[in-house]
Structures are given as structure tokens and as C-alpha cells.
Amino acid sequence: MPWTIGADVVVLSFGGKRGTVVDVGHDGRYRVRVDTATMWCREDQLTNPPVPSRTAARRARASRDANRQRPEEPANRTMSARLDLHGLSVDEAMARVMTEIDRALQRGADRLEVIHGKGSGRIKGALHRLLQSLPVVASFELDDHNSGVTWVRF
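Residues numbered from 1 in each chain as written. Predicted model: local features only at pLDDT ≥ 70, side-chain atom pairs only at ≥ 80, totals over all residues. Heavy atoms only, no water.

Asks: Please explain the overall build of the chain as it appears in this structure.
Replies: In terms of regular secondary structure, the chain is built from 3 helices and 9 strands. Mapped in sequence order, the helices and strands of the chain form the string β-β-β-β-β-α-β-α-β-α-β-β. Each of the 154 residues in the chain was classed as buried or not, and the buried ones make up 32%. At a minimum sequence separation of 6, the contacts of the chain that also span at least 24 residues come to 52%. Carbon and sulfur atoms provide 50% of the accessible area of the chain, an area that totals close to 9,900 Å². (Helix = DSSP H or I, 4+ residues; strand = E, 2+ residues; numbered from the N terminus. Buried < 20%, exposed > 50% of the residue type's maximum accessible area, 1.4 Å probe, protein only. Contact = heavy atoms within 4.5 Å. Areas by Shrake-Rupley, 256 points an atom, 1.4 Å probe, with all protein chains shown as cover.)

This is how it looks when you write it as C-alpha cells:
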């Protein structure tokens, strides 16, 4: 079965983990992202994910409905993600930010809300330096109403 970019798949050669096709090679291979790993797979190493049961589909719909955009957010927004860094060291926080940016992009989010708090400012400073160095980040800014939050746009 030919897969297209963005298709959800199960990678049989990687323990049956779910992934997303991110590139299609000219040689019939597919580049698939699973969690934070990216790998090339042959077509016979991929299969369709199982069809969710009605209960699982209802649960997913309920979760999606609960995470609908807030009224003050722009209507053209596709999806945002949130990350709370309270209680983490600077190194732990930056590692968590990188992981969450990767996950947010995999989910198709167009922005990420990073809650770093107002404390000493060490995490906020490190976060802003990190974000400046990432080509995937289109822009970032402090929240207008809360200086302990940075919005990252992809």
C-alpha cells in the first residue's frame, strides 16, 4: 500500500510502535517519525494502525472537545500545546522543551505555551536563548498578561 506524508502507520520492525510518515523516498522507502526517532522503512515494514473501538473513539472525541480553543484565541489556530516547567532544573527544562517541541510538531500544533514561572528568570533566559537557535521556531514572545509564560510559534 503506498503511504503518503502525514499518514499514521505502525512500524512492525520497531516493536509495532505507531508513527507518522514524514517523507517518501524515490526508492519505495518511507521516512517515519516514531516519538523522537526518525527512521527509513520499507513498505513491508509498515501497516495501518488498528481501528479504534467505538469506546476509544468516543473517549478521543471527548478529549478533543475538552481541549478546544479558548474564546480569546484566534479562530484560525490549528492547535496549541502546553508545557509546565515548574520544579525542573534548567537542564531538565531545556530537555523537556526540546521533547515537547518535537511532539507538538508531530501533532501538527502551530504553537506551544511554555509555563516557566516568574522566579529567578534562569529558565526563561535559557528558554529564550534555546528558541532563538531553533530554525523550526518562527517567533516567540512573553504572554501579554503573564510574564511567567512564553508563547512559541512554529
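Asks: When you look at the nonpolar core in this model, what are you seeing that I'm missing?
Replies: The nonpolar side chains of soluble globular proteins are, as a tendency, buried together. Counting residues in hydrophobic clusters, the biggest one holds 20 residues, and the most contacted among them are L85, M94, V97, L112 and L131. For this core, the secondary structure elements donating two or more residues are β6 (80-84), α2 (90-107), β7 (111-115) and α3 (122-133). Residues contacting V97, with those up to four places away along its chain left out, are L83, L85, L127 and L130. (Core = buried A, V, L, I, M, F, W, Y, C linked by side-chain atoms within 4.5 Å.)

Asks: What is the right way to read the sheet that holds strand β2 (residues 17-24) from this model?
Replies: Across a sheet, strands are paired by hydrogen bonds formed along the backbone, either parallel or antiparallel in direction. The 5 strands are arranged β4-β3-β2-β1-β5 in an open sheet whose pairing can be described as antiparallel. Single-partner strands in this sheet number two, and they are β4 (37-42) and β5 (46-47). (Pairing = 2+ DSSP bridges.)

Asks: Help me understand the side chain of Q45 in this model?
Replies: Take Q45: it is sitting in the loop between β4 and β5. Only 2.6 Å separates the side chain of Q45 from the backbone nitrogen of R42, close enough to count as a polar contact. Filtering out sequence-adjacent residues up to four positions away, Q45 remains in contact with V10, V11, L12, S13 and W40. (Polar contact = N/O pair within 3.5 Å; in protein donor to acceptor, adjacent residues only side chain to side chain.)

Asks: How should I be thinking about the pattern of salt bridges in this particular structure?
Replies: Side chains bearing opposite charge may pair, as long as their charged atoms lie close to each other. Per the stated rule, a full pass over the model turns up 6 salt bridges. The salt bridge involving D44 is made with R42; its shortest N-O contact spans 3.1 Å. Given a relative accessible area of 55%, D44 falls into the exposed group. Residue R42 is classed as partly exposed on the basis of its relative accessible area of 45%. (Salt bridge = Lys/Arg side-chain N within 4 Å of Asp/Glu carboxyl O.)

Asks: Can you walk me through the packing of aromatic side chains in this structure?
Replies: Any aromatic ring pair is given by two values, namely how distant the centres are and how the planes are angled relative to each other. Taken as a whole, this structure holds 0 aromatic pairs when the rule is applied. A cation over an aromatic ring shows up here: R111 above the ring of W151, its NZ or CZ 4.5 Å from the ring centre. (Phe/Tyr/Trp six-rings, centres within 6.5 Å; stacked < 30°, edge-to-face > 60°. Lys NZ or Arg CZ within 6 Å of the ring centre and 35° of its normal.)

Asks: Help me understand the sheet that holds strand β9 (residues 149-153), please; the structure alone is not making it clear to me.
Replies: Ordered in space as β6-β7-β9-β8, the 4 strands form an open sheet in which the pairing is mixed. Two strands bound the open sheet, and with one partner strand each, they are β6 and β8 (139-142). Strand-to-strand twist of the sheet, defined as the mean angle between neighbouring strand axes without regard to direction, takes the value 20°. Two elements, β6 and β7, share 5 bridges in a ladder whose sense is parallel. (Axes fitted to C-alpha atoms, helices over the stretch in contact; angles between N-to-C directions.)

Read these as geometric descriptors, not functional statements.
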